[in-house]
Amino acid sequence: MHNLEGDKIEKSEGSDKNWHFHPNLPLSNSPVFHFPPRMGPVLNWFRNAWLNLSGTTILVILAVFSASWLQPELDKISLEAVSIMTIRNFTLIFVIAGSLHLWFWKIQVQGEKFKYDARSMATNNKRFTLANQVYDNMFWTLVWGVPIWTFYEIVYFHAFAIGMTPVLTFREHPFLFIAMFWVILLWKGLHFYWVHRFLHHPAIYKTVHSVHHRNIITGPWSGISMHPLELLPYFSGLLIHLVIPSHPVHFLFHAYALALNPAFSHSGFDALFIKNKRSLKTGEFFHQLHHRYFNCNYGTPEMPWDKWFKTYHDGIRHKGKPKKAKLN
Ligand SMILES: [Zn+2]
Ligand SMILES: [Zn+2]
């Protein structure tokens, strides 16, 4: 059996001494960048992400919903409009991160099924704000994460309302309009890889990025639990919509991919298990490896920046590094 990139699967999904659950290993990146190109895996990759109910399609639905019904005009930045957008974003993070947290960690509806790391999140540990990992993660998310995310939305929607953004409409360019959702994920992968490498510079890591890396075990609220000096560059990728033609739906999809998708990808569980069925892919083992080993997988699986720059951990070995990354 082979993974999407054609590597022989060395370990089928299950558990081993390092993980309570791991997916098929070695992990594959997007087969779009595999050479020579293979049509079957590429179609599979797109079908799984875009034609099924997935974290990605949920974000598209939310973006269409918000842009259509919950987005005020912002030609003048009024308190009312800003309040609507702020309440909308607090509601979204509570609904997504809150319900995933209740399901996986608080009520533990599916027990330890598909849980990557058998350990619990920390309570009574001074490393965390309020000595509790979940409170710590909620604090950084709600006090800094949501306001900074909302700030970028205000900048964009004000620029859009006064006609300062180039606009791409479905009616004029239907193919490009649809392709743009995928292009956004490529841009997000590129931007995140380089911002993230910068955040790992020792001087910056110590005071800034270490807030996010307190979480070796991660939960839904860990997603954007970050220092404000990390959140500012993290969300700055959204500014591309001020120069590249796009639509408010694209912008909101991009914002949700940055603000809400991390609640899925950090959930600590590979999938939602409902009625004895794997119902929705949630966790991202690729990024879980980053939280355990630190010096690998800085990007996303959508683009192989880690492979190109020899920082890739495929779940079995750290490619490009002769020494084995150690367990923390
Ligand atoms: Zn993370
Ligand atoms: Zn990091």
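As a starting point, this report considers the structure included with it. (Residues numbered from 1 in each chain as written. Chains lettered and ligands numbered in written order. Predicted model: local features only at pLDDT ≥ 70, side-chain atom pairs only at ≥ 80, totals over all residues.)

Description of the overall build of the protein
Inference 1: Each helix and strand counted, the protein has eleven helices and two strands in total.
Inference 2: Going from N to C terminus, the protein has its helices and strands arranged as α-α-α-α-α-α-α-α-α-β-β-α-α.
Inference 3: Relative to a compact globule of 328 residues, whose C-alpha radius of gyration would be 20 Å, the protein shows 20 Å and is just as compact.
Inference 4: Seen along its three principal axes, the alpha-carbon backbone of the protein occupies a region of about 55 × 50 × 45 Å.
Inference 5: Across the 328 residues of the protein, 41% fall into the buried class.
Inference 6: Once local pairs closer than 6 in sequence are excluded, the contacts in the protein between residues at least 24 apart make up 65%. (Helix = DSSP H or I, 4+ residues; strand = E, 2+ residues; numbered from the N terminus. Rg over C-alpha atoms; globule rule 2.2 N^0.38 Å. Buried ≥ 20, exposed ≤ 12 C-beta atoms within 10 Å, placed from the backbone. Contact = placed C-beta atoms within 7 Å.)

Section: helix H3 (residues 79-106)
Inference 1: Of the positions making up H3, those classed as buried are Met85, Asn89, Leu92, Ile93, Ile96, Ala97, Leu100, His101, Phe104 and Trp105.
Inference 2: Residues of H3 that are buried make contact with helix H2 (55-69), helix H4 (133-161) and helix H9 (261-265).
Inference 3: Where H3 ends, the next residue or the one after it, Gln108, has phi of about 55°, a positive value.

Looking at unusual backbone geometry
Inference 1: Of the consecutive residues Leu25 and Pro26, the connecting peptide bond is found in the cis state with omega at 5°.
Inference 2: For Pro26, the position within the fold is in the segment before helix H1 (39-50).
Inference 3: A cis amide bond, omega -5°, links Phe35 with the succeeding residue Pro36.
Inference 4: As for its position among the elements, Pro36 is in the segment before H1.
Inference 5: Even without a glycine there, the phi angle at Lys275 is positive, about 50°.
Inference 6: Tracing the sequence through the fold places Lys275 in the loop between strand S1 (271-274) and strand S2 (277-281).
Inference 7: Lys275 sits in the exposed class, given 5 other C-beta atoms within 10 Å.
Inference 8: Of note in the backbone geometry, Phe294 takes a positive phi value of approximately 70° without being a glycine.

Notes on the nonpolar core
Side chains that are nonpolar tend, in soluble globular proteins, to be buried together.
Inference 1: By size, the foremost hydrophobic cluster in this structure holds 57 residues, and its most contacted members are Phe253, Ala255, Tyr256 and Leu260.
Inference 2: If you list the elements that add at least two residues to this core, you get H2, H3, H4, helix H5 (174-199), helix H7 (228-235), helix H8 (248-259), H9 and helix H10 (285-293).
Inference 3: Not counting chain neighbours up to four residues away, the residues in contact with Ala255 comprise Trp149, Tyr152, Glu153 and Leu238.
Inference 4: Counting residues in hydrophobic clusters, the runner-up holds five residues, among them Phe192, Tyr193, Met303 and Trp305. (Core = buried A, V, L, I, M, F, W, Y, C linked by C-beta atoms within 7 Å.)

Quick notes on the pairing of S2
Inference 1: As paired strands, S1 and S2 are joined by four bridges and run antiparallel to one another. Each residue of the ladder has a partner; that of Ala271, found in S2, is Lys281.
Inference 2: Counting the residues between successive antiparallel strands, the hairpin from S1 to S2 contains two residues, one of them, Lys275, with a positive phi of roughly 50°. (Pairing = 2+ DSSP bridges.)

A look at the packing of H3 against H4
Inference 1: Where H3 meets H4, the axes come as close as 10 Å, and the angle between the chain directions of the two elements is 130°. The angle between the axes of H3 and H4 places the two elements in the oblique class. For H3 against H4, the interelement crossing comes out right-handed. From H3, Val82, Met85, Thr86, Asn89, Phe90 and Ile93 reach across to H4, where they touch Thr141, Val146, Trp149, Thr150, Glu153 and Ile154.
Inference 2: Class assignment for the residues of the contact of H3 with H4 results in seven nonpolar, four polar and one charged. (Axes fitted to C-alpha atoms, helices over the stretch in contact; angles between N-to-C directions. Parallel < 35°, antiparallel > 145°, perpendicular 65-115°, else oblique. Left-handed = near helix turned anticlockwise from the far one by under 90°. Nonpolar A, V, L, I, M, F, W, Y, C, P; charged D, E, K, R; others polar.)

Some thoughts on the environment of Tyr312
Inference 1: Summarising the element assignment, Tyr312 is placed in the segment after helix H11 (305-308).
Inference 2: Judged by C-beta crowding, with 24 C-beta atoms within 10 Å, Tyr312 ranks as buried.
Inference 3: In sequence terms Tyr312 and Leu289 are 23 residues apart; their C-alpha atoms lie 9.8 Å from each other.
Inference 4: Other than its neighbours up to four places away in sequence, Tyr312 contacts Cys296, Asn297, Asp306, Lys307, Lys319 and Gly320.

Things to note about the environment of His287
Inference 1: Examined against the element boundaries, His287 turns out to sit in helix H10.
Inference 2: On a C-alpha basis, the gap between His287 and Ser30 in space is 15 Å, while along the polypeptide they are 257 residues apart.
Inference 3: When neighbours within four sequence positions are excluded, His287 is seen to be in contact with Ser265 and Asn297.

Quick look at H4
Inference 1: With 29 residues, H4 should reach 42 Å at 1.5 Å per residue; the first-to-last C-alpha distance of 40 Å fits that figure.
Inference 2: If you look at H4, its biggest bend is around 35°, right at Thr141.
Inference 3: Positive backbone phi, at 75°, marks Gly163, one or two positions downstream of H4. (Expected span 1.5 Å × (residues − 1). Bend = angle between axes of the 7 residues up to and from the residue.)

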